Amino acid sequence: MKFLAGDIGGTKTVLALYDADQNLVTPTVEATYPSASYASLEAIVQTFFSQQKLTGADFAAGTFGVAGPVVAGRAAITNLPWIIDERQMSETLALPKVTLINDLVAIAGAVPHLPAADLVTIHEGKAAATGPIAVVAPGTGLGEAYLIHDGTHYRAYPSEGGHADFGPNSATETELLQFLQKQFSTGQTPHISWERVCSGSGIPNLYAFLKEQGKVQGDPATSAEIVRSHDKTPLIMTAAMREKPCPLCRATLDLFVDILGSEAGNMALKVLATGGVYLGGGIPPRIVNALRQPRFLEAFLNKGRLSAVLREMPIQVIRNPKAALVGAAYHGFLHQ
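All values derive from a computational prediction rather than experimental measurement.

(A) A look at the packing of aromatic side chains. Counting across every chain of the model gives 8 aromatic pairs. Ring centres of Phe179 and Phe209 lie 5.7 Å apart, and the angle between their planes is 55°; this geometry places the pair in the tilted category. Note that Phe179 is positioned in helix α4 (residues 171-183) and Phe209 in helix α5 (residues 203-213), a separation of 30 residues in sequence. The same class applies to Phe179 as to Phe209, namely buried. The rings of Phe48, Phe49 and Phe59 are connected pair by pair, giving a single aromatic cluster.

Below you can see the structure in the form of structure tokens.
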């Protein structure tokens, strides 16, 4: 039984064929396409079918993870003029069933099926069998999702918790909140979300705040390069992790780790993630060494009377960059 899975983004679209008679972790065929070069997702899938000499009738279902909410079987893709509709895709492609899911739902759906080699342990803990699972995924933005066991399988559910109000947990973070409120002020007190401070797009905000504070200095060459760059996040993170780090960039990474630990703990409490907490997205796999330092776990556990509950929860980093495809394939299998 074959399933089509897709990870759909504004820059690229990845499609993969999975065969349930073999396994749903390793695809039989996989291909990547530049999204903006096509008029629609249907056009990309048709190209994939043509290249692989397949038709929609060869599949039991197609499931596609998309960035953003899915409402009534429809989704719009950030930075693309696409409106994707499940029913229209099914008819156009002759696919028996088409399902659109949030990209974090796709990543979360992979979690119960990932082999140990795809995970890095940050905190051992002790997972409760069939306990709820939390997924926190800082990438360009901050995605969050969770899984609940239905008695037979884990099922993934979306969340937009990354857009909830940022809550500071130290004097420095309070000053950060005040700094960002001024930066994003439009005459009213602005909403500062966790995504503003706990994502790839938020890292330059942390850097700018610490730079203005003036308590830590950056090395001149790195600082000049960051000023010139339109994409500051990779430069900041690279300079923070090199053998002789830029002090200001390292302070930025440390603040990011504190904030990620705090929000991961918040999510763990909200869903009572006795089954574990998983860190996905593009950033955690790149900063594993920083996450293994005491400050991440200290921030995660800093929940007063419930710290002991959190201490039992395992924390893992998802390092499989294709987790969204795996989750989409399993979603198709479980909901066929």
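(B) Unusual backbone geometry, seen in detail. Phi at Ala72 is positive, roughly 50°, even though this residue is not glycine. Within the secondary structure layout, Ala72 lies in the loop between β4 (61-66) and β5 (74-76). Phi at Thr130 takes a positive value of approximately 65°, unusual for a residue other than glycine. Assignment of secondary structure puts Thr130 in the loop between β8 (119-123) and β9 (133-138). Looking at Thr130, the relative accessible area reads 47%, which means it is partly exposed.

The rules behind each value
- Residues numbered from 1 in each chain as written.
- Predicted model: local features only at pLDDT ≥ 70, side-chain atom pairs only at ≥ 80, totals over all residues.
- Heavy atoms only, no water.
- Phe/Tyr/Trp six-rings, centres within 6.5 Å; stacked < 30°, edge-to-face > 60°.
- Helix = DSSP H or I, 4+ residues; strand = E, 2+ residues; numbered from the N terminus.
- Buried < 20%, exposed > 50% of the residue type's maximum accessible area, 1.4 Å probe, protein only.

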